[in-house]
Structures are given as C-alpha cells and as structure tokens.
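# Tertiary structure, described
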Amino acid sequence: PPDARTRSVLDAVCADAGLTEPRFFAKGQRGVVYVAARAGGGGGAVAIKVERTDWAARIDQKRMMKRSADAGEAVAAREARWLRRCNALGIGPALVAERPGAVATEYLEGPTVGEALSGGVSKKTLKSALRDFFRQCRVLDAEGIDKREMNRCQRHVIVRDDGTCAQLDFERCTEAARPSNVTGAAQYLSQSWAAGRLEELGFTVDVPAVRAACKAYKTAPADAALEAVVAALGLAAPDA
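Because the structure is predicted, anything quoted here is derived from the model rather than measured.

### A closer look at the nonpolar core
Counting 46 residues, the largest nonpolar core has Leu-126, Phe-133, Phe-134, Leu-189, Leu-198, Val-229 and Leu-233 as the members making the most contacts within it. Elements with a minimum of two residues in this core: helix H3 (75-87), helix H4 (113-120), helix H5 (123-142), strand S7 (157-159), helix H6 (181-190), helix H7 (192-200), helix H8 (207-219) and helix H9 (223-232). The greatest single-element share of this core, amounting to 7 residues, is contributed by H5. Not counting residues up to four positions away in its chain, the partners in contact with Leu-198 are Leu-117, Leu-126, Leu-130, Leu-189, Phe-203, Val-205 and Leu-233. Counting residues in each nonpolar core, the second largest holds 15 residues, with Val-9, Val-13, Leu-19 and Val-50 among its members.

### Some thoughts on the pairing of strand S5 (residues 102-106)
The buried fraction of S5 is high, at 4 of 5 residues. In the sheet, strand S3 (residues 46-51) pairs with S5 via 5 bridges, with the strands oriented antiparallel. Paired with Ala-47 across the strands is Thr-105, a residue of S5. With 4 bridges joining them, strand S4 (residues 95-99) and S5 adopt antiparallel strand pairing. When the bridges of S5 are listed, Glu-98 appears paired with Val-103.

Parameters at a glance
Residues numbered from 1 in each chain as written. Predicted model: local features only at pLDDT ≥ 70, side-chain atom pairs only at ≥ 80, totals over all residues. Heavy atoms only, no water. Core = buried A, V, L, I, M, F, W, Y, C linked by side-chain atoms within 4.5 Å. Buried < 20%, exposed > 50% of the residue type's maximum accessible area, 1.4 Å probe, protein only. Helix = DSSP H or I, 4+ residues; strand = E, 2+ residues; numbered from the N terminus. Contact = heavy atoms within 4.5 Å. Pairing = 2+ DSSP bridges.

Here's what the structure looks like:
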C-alpha cells in the first residue's frame, strides 16, 4: 500500500481530476505509477505518476539535474511543463492534472516498442508506428526539444493498434540547439538486437546506410534527410 505522503498526493490528484480507485501499476527510477478510473466510468483511465522521495530516487534526480538547465525543478513539475508543450505539438499522453509531487495523464495501453519488436504486433502495424515515431522525433527536433532517451527508448514508446505511436516520460526533456531525437531513435533501432528483430520480421536494415543518413541529417535536418534514415532501416513508405 502507498505510504502516507503518497496516499495524500493521490487523494489530492483524484479530487482535482474527478478520479477514483487508484491502483498500483509500476515503479520507475523517479516515480511510482498508479492507474485510476474517472468518476462515472467515462473518458478512459488516467495514469498518476507520484515522485519517489527515497534515497535512490533522490540520487538519480540529482544526477539528471546536473545535466539540465532546469536544475532544482521538481520532477513532476518538469514533466507537466514539458507535456503541455509537447501536447501542443500532438505528442505524448494528454495532461490531465498536476499537483506538487505528482502528474496525471491519459493512460495509454499497448505494447512498448521493445515488446512490439519481439513480435507483439503485425509487421504492418509496427512499420506504420515506427514511421509515426520518426515523424514525432522530427517535430521535436524542429522545435529544439531533446527528449534525451531515444537511443534507449524501448520502454518509453507505446505502439497502438491503429499504427500510431505514443511517447511516454517527458521529465528528461531539455532545450537544445541540436536535438538528437531522430538520430537517437535510429541508433536504438540499428543496434544489433533491434536490427536483428527487424530483420526477423522481414525488414531490411542497412546499418552503414543508417549511419550515413544520420550523419547527413545532423548536418542538414530536413524531411528528405529523415526519409533517408527511415528507408535505411527498411521502413520506407510504399510507392504511391
């Protein structure tokens, strides 16, 4: 069961957003996630992330903030701020409510990209979702937002049945003159494990071509350069 502090924060968020019956879902490095229902049963479930305050979480937050221009900002407040900005771009789960120490968002269901690469969805759905993922990464790059985790995004991207993707966990976002969202995602998908999974699913991954395309994208970020990265991963759009 949650401790007294967590219980108090959960009760406050639920009161603010009209939520009920929060239940434990997962524990991460910087937060504990609960899933709650909306009062009346409509509108879909809501995920509530409550900041951890134990020693390990404080050390992790201190390490993260050393590399951030937002040092001193609480994790939940930071995530809510970046979610508002990314939501305006059509990226991320919808922000539902925020409180000191907690942030509530739309609850998104589906396999993570890591699970999808292991065969959790059809080839057609995976290809569509990964193309959507790179489209979102391109948007973030163009906006000067670096999510700082794309090269290890296996748990931070949800693949949906409709062939779109949804990104999670925005507390590490930062402003950057040269964001690395597209190149980080390409790095993740071209590493031996992920590239092997893509090959098993019928995609043709040309790792040297991925590296060359990423280098060209870094030099001149543009839609055509993005398409070269995606094509090298075997995810090119079908001919019209």
